[in-house]
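Notes for the structure review
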Amino acid sequence: MTVYFLCVVLLTMGLYCLVAKKNIVKKVLGIVIMDYAVNLYLIIIGYKTGGVAPIIEADMPLSTLERFVDPLPQALVLTSIVIGLGVMSLMVAMCIRLYEKHGTFDMSVISKLRG
Amino acid sequence: MANIAPQLYALLVFMVIGSIVAIETRNLLSAVISVSAVGFALSVAFLFLGAPDIAITQLVVEVLVLIILIRGTILLDNTAVDTHRDTLAVVTSLIFFGLILGFGAMIFGSRGFPEFGQPVMRVSKVYVQTGLPATYAANIVTAVILDFRAYDTLGEATVLFTSILGALALLRREGKVSREEVVAA
């Protein structure tokens, strides 16, 4: 259970970084940390004690199938990691564009300039 | 296979410390590198948890994240932002922390949340049993991605393509030149 608790701690730290920091690149880093926490949580849920990776080898005894860890969260997290990369690159592109337009990463300065 | 809990705890504590450094440091480049250290520790943790495919993907993605984030920060000079402590944000984070823990305990506590090391494999049992005869893929994760749940992968490719298109559109140097300007030039 402590493992789940540490994952939630990591998620909350990412949330704090997202909410509290004025620097928009710091906000992006907070989202990346939350991404890590959720992915790790899903993989930990699928872990089996003494488990092996779900890869079938030649002349493997049939009883090894019982020791496989859960392959379903692994497949979905594989998708999620790659999507996280795409979304992060989009956010960094927005940050670079905002910097070119306003000359700063400070959220409070950027949000004051309206129109 | 031995008990992996000590290694997992060590990696998780390392990740938490790396996140604290990344959040609290003033230098943006140090923050980016700390987040990447957290990502590499995550890759090692996946390796311990019996997920080599995820570990490889996480490693590759982490290198790309590092390159993209450094591109976003290193060439720009005015990156320091003087921050002041925001009590509202701290309170919001703590409230959400409590809400997540409370709802988690409420929903899963009574029905028997799976303990660490004892997963509920109701759906995956079928995948493990029929993966090789149905798809001829030795790696069950590959069988799930490319055969049992191939439509999810199609959706993933769509999302990835769209986000890259958006990034390219944002970073494009010049807009479209109209036909008359080309002819005039």
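Residues numbered from 1 in each chain as written. Chains lettered and ligands numbered in written order. Predicted model: local features only at pLDDT ≥ 70, side-chain atom pairs only at ≥ 80, totals over all residues. Heavy atoms only, no water.

Attention shifts here to the overall build of chain B. Helices and strands together make up the secondary structure of chain B, namely eight helices and zero strands. Each helix (α) and strand (β) of chain B, taken in turn from the N terminus, gives the series α-α-α-α-α-α-α-α. Contacts spanning at least 24 positions in sequence make up 44% of the contacts within chain B whose residues lie at least 6 apart. Accessible surface, chain B: about 11,400 Å² in total, of which carbon and sulfur atoms supply 68%. (Helix = DSSP H or I, 4+ residues; strand = E, 2+ residues; numbered from the N terminus. Contact = heavy atoms within 4.5 Å. Areas by Shrake-Rupley, 256 points an atom, 1.4 Å probe, with all protein chains shown as cover.)

The next point concerns the overall build of chain A. Within chain A one finds four helices and zero strands. Seen in sequence order, chain A has helices and strands lined up from the N terminus as α-α-α-α. Computed over its C-alpha atoms, the radius of gyration of chain A comes to 20 Å, more than 25% above the 13 Å expected for a compact globule of 115 residues. Each principal axis of the C-alpha atoms in chain A carries an extent, and together these give about 70 × 30 × 15 Å. For chain A, the proportion of contacts with a sequence separation of at least 24, taken over those separated by at least 6, is 49%. Roughly 4,700 Å² of accessible area belongs to chain A as shown, and the carbon and sulfur atoms make up 68% of that amount. A distance of 23 Å separates the average location of the 10 positive side-chain charges in chain A from that of its 7 negative side-chain charges. (Rg over C-alpha atoms; globule rule 2.2 N^0.38 Å. Lys, Arg positive; Asp, Glu negative; His and termini not counted. Charge placed at Lys NZ, Arg CZ, Asp CG, Glu CD.)

This part covers the environment of isoleucine 24 of chain A. Residue and element names in this part refer to chain A. The residue isoleucine 24 is located in helix 2 (residues 24–45) in this model. The exposure class assigned to isoleucine 24 is buried, which follows from its relative accessible area of 6%. As for isoleucine 24 and aspartate 106, which are separated by 82 residues in sequence, their C-alpha atoms are 6.7 Å apart. Excluding residues that lie within four positions of it along the chain, isoleucine 24 makes contacts with Cys95, Leu98, Phe105, Met107 and Ile110. (Buried < 20%, exposed > 50% of the residue type's maximum accessible area, 1.4 Å probe, protein only.)

Further remarks concern unusual backbone geometry. A positive phi angle, near 35°, is found at aspartate 59 of chain A, a position not held by glycine. Locating aspartate 59 of chain A in the fold gives a position in the loop between helix 2 and helix 3 (71–102).

So, on to the pattern of salt bridges. Taken as a whole and judged by the stated rule, the model has three salt bridges over all chains. With a closest N to O distance of 3.8 Å, lysine 21 of chain A and glutamate 24 of chain B form a salt bridge. Highlighted residues: lysine 21 of chain A in the loop between helix 1 (2–20) and helix 2 and glutamate 24 of chain B in helix 1 (residues 5–24), drawn from two different chains. Classification of lysine 21 of chain A by relative accessible area gives buried; the value is 10%. The exposure class assigned to glutamate 24 of chain B is partly exposed, which follows from its relative accessible area of 37%. (Salt bridge = Lys/Arg side-chain N within 4 Å of Asp/Glu carboxyl O.)

Okay, the interface of chain B and chain A next. Taken together, the contact between chain B and chain A spans 88 residues of the former and 76 residues of the latter. Interface of chain B and chain A: buried area, both sides summed, is about 7,700 Å²; carbon and sulfur atoms make up 76% of it. The largest share of the area that chain B buries against chain A comes from Ile23, Phe116 and Leu170 of chain B, three residues that together contribute 8% of it. One can count one salt bridge joining chain B with chain A. The interface formed by chain B and chain A contains nine residue pairs in polar contact (both at pLDDT 80 or more). For the side of chain B that touches chain A, the secondary structure elements donating two or more residues are helix 1, helix 2 (28–48), helix 3 (52–73), helix 4 (87–111), helix 5 (124–135), helix 6 (140–148) and helix 7 (150–171) of chain B. The class makeup of the residues in the side of chain B that touches chain A is 57 nonpolar, 19 polar and twelve charged. (Buried area = accessible area lost by both parts, 1.4 Å probe. Polar contact = N/O pair within 3.5 Å; in protein donor to acceptor, adjacent residues only side chain to side chain. Nonpolar A, V, L, I, M, F, W, Y, C, P; charged D, E, K, R; others polar.)

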